[in-house]
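# Examination of the molecular architecture
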Amino acid sequence: MAAADGPRAPDHVEIVAHPLVHDDVVKRVADDGAGAIVTFIGTTRDTFEYRGEVRNVEKLEYECFTPMALAKMRELCAAVRGTWDVAKIAMAHRTGTVGVGESSVIIAVSSAHRREALEACHWAIDELKATVPIWKKEFFEGGEVWKENAEQRREPRDPPRRKYV
């Protein structure tokens, strides 16, 4: 496991080669002052469109440059903190083989009120997919292909300028 911060740090980012456990990520953002915990879980779908045809997915494989990915994930946490009033943030991404129905990424954000956590989590997953150096290979009936996320073709976005209080 490559983790960036200890279990009590307000921000936790990690890249792991084993299955992700939703409850473990949520526990990292639990806070007595938080009335909301929002999570995003990205899972492997069973189908994939390739060259205009829907194919059955067998598995995904993820690779990354871990030091750079962790640094970028920490930058995203800092950007969230500069925009939304959140208590804790946790981001976990898996590498290696991820089967259909399994989680590849989990983001959890806690805050006193739901709006901050909802907006922060939404922005964080969009930016993680656009900017963190993690690459996905799709294996499907009849082939395999390195898959680019549509978000990777755009410039990184700053979070909204207004900080909620």
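Nothing here was measured: the structure is a model prediction, and the numbers come from that model.

On the surface, Phe65, Met68, Trp135 and Trp146 cluster together to form a nonpolar patch covering roughly 460 Å² of accessible area. By the element assignment, Phe65 lies in the loop between β5 (53-64) and α2 (66-83).

The end-to-end C-alpha distance of helix α3 (residues 114-131) is 25 Å, a good match for the 26 Å that 18 residues give at a rise of 1.5 Å each. For α3, the full list of buried residues reads Glu116, Ala117, Ala120, Cys121, Trp123, Ala124, Ile125, Glu127, Leu128, Ala130 and Thr131. Contact partners of the buried residues in α3: β3 (36-43), α2, β6 (88-94) and β8 (103-111).

With that settled, consider the packing of α2 against α3. α3 packs onto α2 with a crossing angle of 150° between their chain directions and a minimal axis gap of 10 Å. Judged by the inter-axis angle, α2 sits roughly antiparallel to α3. For the element pair α2 and α3, the recorded crossing hand is right-handed. Note on element contacts: α3 touches α2 through Ala120, Trp123, Ala124, Glu127, Leu128 and Thr131, opposite Lys72, Met73, Leu76, Ala79 and Val80. Classifying every residue of the contact of α2 with α3 gives eight nonpolar, one polar and two charged.

This part is about the UniProt feature "binding site: substrate" (unreviewed entry) in the chain. UniProt's feature table lists "binding site: substrate" (unreviewed entry) at His113, Arg114, Lys129, Lys136, Lys137 and Glu138, given in the numbering used throughout. On the secondary structure map, Arg114 appears in helix α3. Judged by its relative accessible area of 64%, Arg114 is exposed. With respect to the helices, strands and loops of the structure, Lys136 is situated in strand β9 (residues 134-140).

The next point concerns the pattern of salt bridges. For the structure shown, the criterion picks out nine salt bridges. The salt bridge involving Glu75 is made with Lys72; its shortest N-O contact spans 3.0 Å. Pair noted here: Glu75 and Lys72 are both in helix α2, with a separation of three residues, about one helical turn. A salt bridge links Arg94 to Glu102, with the nearest nitrogen and oxygen atoms 2.8 Å apart. Here Arg94 falls in the buried class, since its relative accessible area comes to 7%. Classification of Glu102 by relative accessible area gives partly exposed; the value is 32%.

Take the packing of aromatic side chains next. Evaluation of the coordinates by the stated rule reveals four aromatic pairs. A ring pair is formed by Phe48 and Phe140, whose centres lie 5.2 Å apart and whose planes are at 50°; its orientation type is tilted. Residue Phe48 is found in strand β4 (residues 47-50), and its partner Phe140 is found in strand β9; the two are separated by 92 residues along the sequence. By relative accessible area, Phe48 is classed as buried at 3%. On the basis of an interplanar angle of 50° and a centroid distance of 6.1 Å, the ring pair of Trp84 and Trp123 is categorised as tilted. Here Trp84 is found in the loop between α2 and β6, whereas its partner Trp123 is found in helix α3, with 39 residues between them in sequence. Trp123 matches Trp84 in its accessibility class, with the two residues each being buried. A connected cluster of aromatic rings, assembled from ring pairs, spans Phe48, Tyr50 and Phe140. Above the plane of the ring of Phe139 lies Lys59, whose end atom (NZ or CZ) is 4.6 Å from the centre.

Procedures and definitions
Residues numbered from 1 in each chain as written. Predicted model: local features only at pLDDT ≥ 70, side-chain atom pairs only at ≥ 80, totals over all residues. Heavy atoms only, no water. Patch = residues over 30% accessible without salt bridge, like charges linked within 9 Å, V, L, I, M, F, W, Y side chains within 5 Å. Areas by Shrake-Rupley, 256 points an atom, 1.4 Å probe, with all protein chains shown as cover. Salt bridge = Lys/Arg side-chain N within 4 Å of Asp/Glu carboxyl O. Helix = DSSP H or I, 4+ residues; strand = E, 2+ residues; numbered from the N terminus. Expected span 1.5 Å × (residues − 1). Buried < 20%, exposed > 50% of the residue type's maximum accessible area, 1.4 Å probe, protein only. Contact = heavy atoms within 4.5 Å. Axes fitted to C-alpha atoms, helices over the stretch in contact; angles between N-to-C directions. Parallel < 35°, antiparallel > 145°, perpendicular 65-115°, else oblique. Left-handed = near helix turned anticlockwise from the far one by under 90°. Nonpolar A, V, L, I, M, F, W, Y, C, P; charged D, E, K, R; others polar. UniProt positions renumbered as here; feature names shortened; annotations may be inferred. Phe/Tyr/Trp six-rings, centres within 6.5 Å; stacked < 30°, edge-to-face > 60°. Lys NZ or Arg CZ within 6 Å of the ring centre and 35° of its normal.

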